[in-house]
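# Architecture and fold: a report
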Amino acid sequence: MEIAIPPGSAYVGIVRLAVGSLARSAGFDEERVDEIRIAVSEACTNAVLTNDEAGSAEAIAISWREESDHIVVEVGDRGASPEQQPSAADSQGFAPRLVMSVALLRELVDDLSFDPRPGGGTLTRLTFSRAG
Amino acid sequence: MEIAIPPGSAYVGIVRLAVGSLARSAGFDEERVDEIRIAVSEACTNAVLTNDEAGSAEAIAISWREESDHIVVEVGDRGASPEQQPSAADSQGFAPRLVMSVALLRELVDDLSFDPRPGGGTLTRLTFSRAG
Amino acid sequence: MELGLDVRKVDSHSVVDVKGEIDVYTAPKLREKLIELVSEGSYNVVVNLEGVDFLDSTGLGVLVGALKRVKAHDGSLSLVCTQDKILKIFKITGLTKVFPIHSSVNEAAGGAA
Amino acid sequence: MELGLDVRKVDSHSVVDVKGEIDVYTAPKLREKLIELVSEGSYNVVVNLEGVDFLDSTGLGVLVGALKRVKAHDGSLSLVCTQDKILKIFKITGLTKVFPIHSSVNEAAGGAA
Ligand SMILES: Nc1ncnc2c1ncn2[C@@H]1O[C@H](COP(=O)(O)OP(=O)(O)O)[C@@H](O)[C@H]1O
Ligand SMILES: Nc1ncnc2c1ncn2[C@@H]1O[C@H](COP(=O)(O)OP(=O)(O)O)[C@@H](O)[C@H]1O
């Protein structure tokens, strides 16, 4: 299924609700459902903040696709890829929010990619194995 | 925001979740939130069943739009309008499901319309006044 | 989405305790259960809706279908419901005149068959 | 979505009981509350996450920001958290080494400032 949200922070929680329900229906256990919610929420949060930084008011496009052995969630925005953004820790050694977000994404998903979108922006693709 | 669901009965509950959250955020009280969930669910149910009858596997397109004094929810399908479908009660006087559905819709929304869509199908438009 | 369906006997009635949301996805499960009861010879059925959070026209359709089936055997179908939001659905569709609606299972099972 | 924020004093500590989901929408409210506390002179802060159902990188960012602020006044920021799903977020991001994480408010407020 597909969800398009205005690039506002208020809508990310609605995506979490929908994704939690989809993940549960897809047969994941509660712990994994929670991890999937967190990962998709991180991707949407990055999309909302990066659209904002890029000055884009375009909708964030989220898709959920079920394959036999995995689920693919794609989040499309009009902003910069996390890989193009500063990742240096500050003078006290604290990582920026985005670095923590990418650390969470990498840990919680089975496969992660950031690709440029036609027309500009980033497509974040999260893959969740059904096996594990 | 916009949601596109595959025309399967399993997805209607996810739309209810999202709509309940949107309606609550929009400031409706719990009773009205519940009525909005029921009305949108009825429209989606009719869309899913009517797509099925029309043999269409196309997605059902749902949109939620907030205006200053009302909310507009549109549900687009590829099936027949409820107004084109048989509404006669059976021999024992029972109304078909669709007639009960339309009765619920008429009672729960402030404005209701069924319009033909370009390319075929029906656009069901539900309006909910913010006044109350 | 899960629909809980538990069947028990109270006097001569079969009581179905329904839990969860009755919608286009789950209504077929309720329909099957009610058909099964009638085919096993249970013609006096009580559907307990106290644990139901959501009911729509598909749920109503299933209840109407079951009513027709038990009536064909001179049976009865009564409902247990005290929740305003669920009662509202029956009122709007005129079904409060069709179904006996009780406020407890004992009241429903104790009533005339 | 509502974020509950209640502040109380336990000994010399200001305890913020957080209820709900801390995400990109609600994190700014928590940030404001923590800035307010520091600007009022509360430099020993306990953030109680026991009522939190969801925490993500925006919430972590706010906690890190608050930690920097209290440290600038030689203060402390400790957390109360026993929920595995929330602890996991701190572990993955390496912040278990940055924040003292306690299993009760009394333990957090009783510890060294
Ligand atoms: N697949 C379905 N989804 C939703 N409603 C249905 C479905 N099948 C039947 N209904 C509705 O259920 C009600 C009872 O249907 P009916 O055919 O009379 O009973 P049954 O099929 O249960 O014997 C009718 O109002 C009908 O519109
Ligand atoms: N609007 C925001 N949304 C999400 N995260 C933010 C926002 N503003 C700042 N952050 C993150 O919060 C963390 C702390 O930010 P920082 O500027 O150091 O603290 P503060 O602004 O609270 O003094 C950083 O990791 C930063 O990326």
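For the structure itself, look to the data block above.
Residues numbered from 1 in each chain as written. Chains lettered and ligands numbered in written order. Predicted model: local features only at pLDDT ≥ 70, side-chain atom pairs only at ≥ 80, totals over all residues. Heavy atoms only, no water.

Contacts between the two partners involve 24 residues from chain B, matched on the other side by 21 residues from chain C. Summing both sides of the interface, chain B and chain C together bury roughly 1,900 Å²; the carbon and sulfur share of this comes to 69%. Contact with chain C buries area across many residues of chain B, yet Arg16, Phe94 and Met100 of chain B alone supply 29% of it, more than any other trio. Connecting chain B to chain C are seven salt bridges. Ionic pairing is found between Lys85 of chain C and Asp34 of chain B, a salt bridge with its closest N-O pair at 3.9 Å. Viewed at the interface, chain C and chain B are joined by eight residue pairs in polar contact (both at pLDDT 80 or more). Looking at the side of chain B that touches chain C, the elements with two or more residues in it are helix 1 (12-25), helix 2 (30-53) and helix 3 (97-108) of chain B. Per-element tally for the side of chain B that touches chain C: the top contributor is helix 2 of chain B, with nine residues. (Contact = heavy atoms within 4.5 Å. Buried area = accessible area lost by both parts, 1.4 Å probe. Salt bridge = Lys/Arg side-chain N within 4 Å of Asp/Glu carboxyl O. Polar contact = N/O pair within 3.5 Å; in protein donor to acceptor, adjacent residues only side chain to side chain. Helix = DSSP H or I, 4+ residues; strand = E, 2+ residues; numbered from the N terminus.)

Turning our eyes to something else, we now look at the pattern of salt bridges. One pass over the structure, following the stated rule, counts 38 salt bridges over all chains. Where Asp34 of chain B meets Arg37 of chain B, a salt bridge forms, and the shortest distance between an N and an O atom there is 3.3 Å. You can see Asp34 of chain B and its partner Arg37 of chain B sitting in helix 2, three residues apart, about one turn around the helix. The same class applies to Asp34 of chain B and to Arg37 of chain B, which are both buried. Each member of the salt-bridge network shares a partner with another, and the members are Arg16, Asp34 and Arg37 of chain A together with Glu21, Asp23 and Lys85 of chain D. (Buried < 20%, exposed > 50% of the residue type's maximum accessible area, 1.4 Å probe, protein only.)

Attention now moves to the site of ligand 2. Neighbouring ligand 2 are Leu49, Ala95, Pro96 and Arg97 of chain A together with Arg31, Thr58, Gly61, Gly65, Lys68 and Arg69 of chain D. A distance of 2.8 Å separates an oxygen atom of ligand 2 from a polar backbone atom of Arg97 of chain A. Contact distances for ligand 2 include 2.7 Å between an oxygen atom and a side-chain N or O atom of Lys68 of chain D. Bound to the protein, ligand 2 loses 59% of the 540 Å² it would expose on its own. Across the shell around ligand 2, the residue classes break down as three nonpolar, three polar and four charged. (Near = heavy atom within 4 Å. Areas by Shrake-Rupley, 256 points an atom, 1.4 Å probe, with all protein chains shown as cover. Nonpolar A, V, L, I, M, F, W, Y, C, P; charged D, E, K, R; others polar.)

Quick look at empty space enclosed by the protein now. Residues and elements named next belong to chain B. Here the structure, examined in full by the defined rule, presents four cavities of 30 Å³ or more. Space inside the largest cavity adds up to approximately 60 Å³. Lining of the largest cavity is provided by Ala43, Asn46, Ala47, Thr50, Asp77, Ala80, Pro82, Gln85, Leu98, Phe114, Thr122 and Thr124. At the level of secondary structure, the elements contributing two or more residues to the lining of the largest cavity comprise helix 2 and strand 5 (122-129). The dominant element in the lining of the largest cavity, judged by the number of residues it contributes, is helix 2, at four residues. (1 Å grid on protein atoms, 1.4 Å probe; cavity = no way out; pocket = protein on both sides within 12 Å on 5 of 7 lines; lining within 4 Å. Points joined across faces, edges and corners; volume = space filled by probe spheres on them.)

A few words on the sheet that holds strand 2 (residues 13-22) of chain D. All names here are of chain D. Read across the open sheet, the five strands follow the order 1-2-3-4-5; overall the sheet is mixed. Looking at strand neighbours, the two that pair on one side only are strand 1 (3-10) and strand 5 (101-102), the edges of this open sheet. Sheet strands touched by helix 2 (residues 57-71): strand 2, strand 3 (44-55) and strand 4 (76-80). Its angle to strand 4, the strand with the most contacts, is close to 145 degrees. (Pairing = 2+ DSSP bridges. Axes fitted to C-alpha atoms, helices over the stretch in contact; angles between N-to-C directions.)

None of this, on its own, says anything about what the molecule does.
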